[in-house]
Amino acid sequence: MAVFEHQEVLANRLVLRTSEDPSSPVLKAFYAGYDRAFVLPDEREDLDGFIDCLQLNQTLPSLFARRHSEQVLTVEDSEGTLLGGANFLATGMTAAGGPPVSLALNYVFVEAAARGQGFARVLIGAAQRMALLALTGATDGPEPAVFIEQNDPLALSDAEYAADTQHAGIDQIDRLAVWARLGARLVDFPYVQPALSPDQQPDDGLIYAALRYPEAAIPAAWFHDHLQSFFGVSVRKGAPLEGDPVCTAQLAALAERREPVALVPVEAAIAALKADRRQGAGQNFRQFAIRLCA
């Protein structure tokens, strides 16, 4: 199977590059920016982890009877200066009820000097188009569903909150507000990120959100398959899911579930926390947002 790679010139002479190939220079450029952007230890993937994921495009392109494409993507200006990048897993979905392609936007960053200029939207749109192109050969299909992990500001310790805020140059709650403007709604499911490697721990301090999902809720079977692919490729790097109880517990809960998984607006919760963060004491962000929407 040929390795998917693509380059094109976007508006304003921006240059988009993306690749499934672990030996591609796109990975080197992406990782340099990623390494500057992400600091919390259990959320970070090391370079070998990215290489392992990208190698699965050749060694295990179909998992759970679904086609996958793990990619790294960069956007540069016309002079070759890195503006931002993304790593994502595109999955060709077979379950009914949701879009035909799902996209786990594992990491996305905009370089500090380029922030505030709308590049996050550029990166998300580029990832969606490259997901379609890799899986279908065209970019004019139905918009892929996009899912992201975000820090839960109520779960971070004061030290973690301060460290990540200082490093990212944006407050944790303000960051949630940025994603809300991009169409993020919270997935009403007790999501836990499984450990990314044997040396790391599961992370229960994250929010799982959907961007501009077309309905008010996600079919449980469809969401099960999305998470199964994400866990199998981007998290477990092809290792059996049965070896990780955090993976299997979440997938079992979704397999047994009959009602769809609701999507919860976050604007009211963000406004309340901006007014007084202590309002959320003793809760996680998902609980807090649901209570304010009741």
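Residues numbered from 1 in each chain as written. Predicted model: local features only at pLDDT ≥ 70, side-chain atom pairs only at ≥ 80, totals over all residues. Heavy atoms only, no water.

S.K.: Which parts of the structure should I look at to understand the overall build of the protein chain?
M.R.: Of regular secondary structure, the protein chain possesses nine helices and 11 strands. Relative to its length of 294 residues, the protein chain is compact, with a C-alpha radius of gyration of 18 Å against a globular reference of 19 Å. With the C-alpha coordinates of the protein chain rotated into their principal frame, the extents come out at 50 × 45 × 40 Å. By the burial criterion, 53% of the 294 residues in the protein chain qualify as buried. In the protein chain, the share of contacts with a sequence separation of at least 24, taken over all contacts with a separation of at least 6, comes to 68%. Within the structure as shown, the protein chain displays about 12800 Å² of accessible surface, and the carbon and sulfur contribution to it stands at 53%. A gap of 5 Å separates the mean positions of the 23 positive and 37 negative side-chain charges of the protein chain. (Helix = DSSP H or I, 4+ residues; strand = E, 2+ residues; numbered from the N terminus. Rg over C-alpha atoms; globule rule 2.2 N^0.38 Å. Buried < 20%, exposed > 50% of the residue type's maximum accessible area, 1.4 Å probe, protein only. Contact = heavy atoms within 4.5 Å. Areas by Shrake-Rupley, 256 points an atom, 1.4 Å probe, with all protein chains shown as cover. Lys, Arg positive; Asp, Glu negative; His and termini not counted. Charge placed at Lys NZ, Arg CZ, Asp CG, Glu CD.)

S.K.: Help me understand the environment of Val15 in this model?
M.R.: The topology assignment puts Val15 in strand S2 (residues 15-19). A residue is classified by how much of its surface remains accessible, and Val15, at 13% relative accessible area, is buried. Along the backbone, Val15 and Leu176 are 161 residues apart, and their C-alpha atoms lie at a distance of 28 Å. If we ignore the near neighbours within four places in the chain, the residues touching Val15 are Gln7, Glu8, Thr74, Val75, Glu76 and Asp77.

S.K.: Can you help me understand the pattern of salt bridges in this one?
M.R.: Two side chains bearing opposite charge may form a pair once their charged atoms approach each other closely. Tallying each qualifying case throughout the model produces 11 salt bridges. Put simply, Glu76 and Arg17 hold a salt bridge, and the shortest N to O gap is 2.6 Å. Taken together, the positions of Glu76 in strand S4 (residues 66-76) and Arg17 in strand S2 put the pair 59 residues apart, joining distant regions of the chain. The exposure class assigned to Glu76 is buried, which follows from its relative accessible area of 13%. Between Arg36 and Glu111 there is a salt bridge, with the nearest N and O atoms lying 2.4 Å from each other. Taken together, the positions of Arg36 in helix H1 (residues 25-37) and Glu111 in the loop between strand S6 (101-110) and helix H3 (119-136) put the pair 75 residues apart, joining distant regions of the chain. (Salt bridge = Lys/Arg side-chain N within 4 Å of Asp/Glu carboxyl O.)

S.K.: Please clarify how the nonpolar core should be interpreted in this entry.
M.R.: Generally speaking, nonpolar side chains in soluble globular proteins are found buried as a group. Counting residues in each nonpolar core, the largest one holds 42 residues, and the members touching the most others are Phe30, Phe147, Val187, Phe223, Leu227 and Phe231. Take this core: its biggest share by element is seven residues, from helix H6 (residues 220-235). Beyond its immediate stretch of four places on either side in the chain, Leu227 contacts Phe189, Tyr191, Tyr208, Leu251 and Leu254. (Core = buried A, V, L, I, M, F, W, Y, C linked by side-chain atoms within 4.5 Å.)

S.K.: Hey, could you run me through H3 in this one?
M.R.: Side chains that are three or four residues apart share a direction in an α-helix, a result of its 3.6 residues per turn. With 18 residues, H3 extends 25 Å between its outermost C-alpha atoms, agreeing within 8% with the 26 Å of an ideal straight helix rising 1.5 Å per residue. Every buried residue of H3 is listed here: Phe119, Leu123, Ile124, Ala126, Ala127, Gln128, Met130, Ala131, Leu132, Leu133 and Ala134. (Expected span 1.5 Å × (residues − 1).)

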